[in-house]
Amino acid sequence: MRRSELREHIFRMVFGLDFTKEEEIPEQIQLYFDQLEDVKEEDMEYIRTKAEHIVEKQEEIDDMINTHTKGWKTTRMNKVDLCILRVAVYEMRWDDDVPVGVAIDQAVELAKKYSSDEGPSFINGVLAKLAKA
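Residues numbered from 1 in each chain as written. Predicted model: local features only at pLDDT ≥ 70, side-chain atom pairs only at ≥ 80, totals over all residues. Heavy atoms only, no water.

A word on the pattern of salt bridges. Enumeration according to the criterion identifies eight salt bridges in this entry. For Glu-8, the salt bridge goes to Lys-113, with nearest N and O atoms at 2.8 Å. Linking Glu-8 in helix α1 (residues 3-17) with Lys-113 in helix α6 (residues 100-114), this pair joins segments that are 105 residues apart in sequence. Among the residues examined, Lys-113 registers a relative accessible area of 55% and is labelled exposed. For Asp-95, the salt bridge is made with Lys-50, and the minimal N-O distance between the two is 2.0 Å. Here Asp-95, found in the loop between α5 (79-94) and α6, pairs with Lys-50, found in helix α3 (residues 41-56); they are 45 residues apart in sequence, far enough to count as distant. For the pair shown, Asp-95 and Lys-50 are each scored as buried. (Salt bridge = Lys/Arg side-chain N within 4 Å of Asp/Glu carboxyl O. Helix = DSSP H or I, 4+ residues; strand = E, 2+ residues; numbered from the N terminus. Buried < 20%, exposed > 50% of the residue type's maximum accessible area, 1.4 Å probe, protein only.)

Next up on the list: the nonpolar core. Counting residues in each nonpolar core, the largest one holds 40 residues, and the members touching the most others are Met-13, Ile-65, Ile-84, Leu-85 and Leu-127. Sorting the residues of this core by element identifies α1, α2 (25-34), α3, α4 (58-67), α5, α6 and α7 (119-132) as the ones contributing at least two each. For this core, the leading source of residues is α5, giving ten residues. Those residues in contact with Ile-65 that lie beyond four places of it in its chain are Thr-74, Met-77, Leu-82, Leu-85, Arg-86, Val-89 and Val-126. (Core = buried A, V, L, I, M, F, W, Y, C linked by side-chain atoms within 4.5 Å. Contact = heavy atoms within 4.5 Å.)

All we've got here are geometric facts, nothing functional implied.
As structure tokens, this is what we get:
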């Protein structure tokens, strides 16, 4: 599976987990994987690990996002944009395998697919501020 496909699955999983109680996370992850066809075990492990790390660092990630936005705190953002930002911020700060520019570009691409018309520019602006910090 290509890195962009993996990232999309990570985003979708993080999005779903945002509506899940902590004790239900393992079950929800398994249900997500049960819906996929022809996915290699190492790809599932990659997706699971990244999604779990993002959820673990969610509070810290949200604080970083809140610090670099004006008038749009995480509590007011739509869930799609917020989850895209969480994945990208995680990649920018903690994933040494993903260059910052790639994380931003891929987040914008996810926003084009899943967010509103304003989403890509909003995502790009927030991540650009974070990249300079």
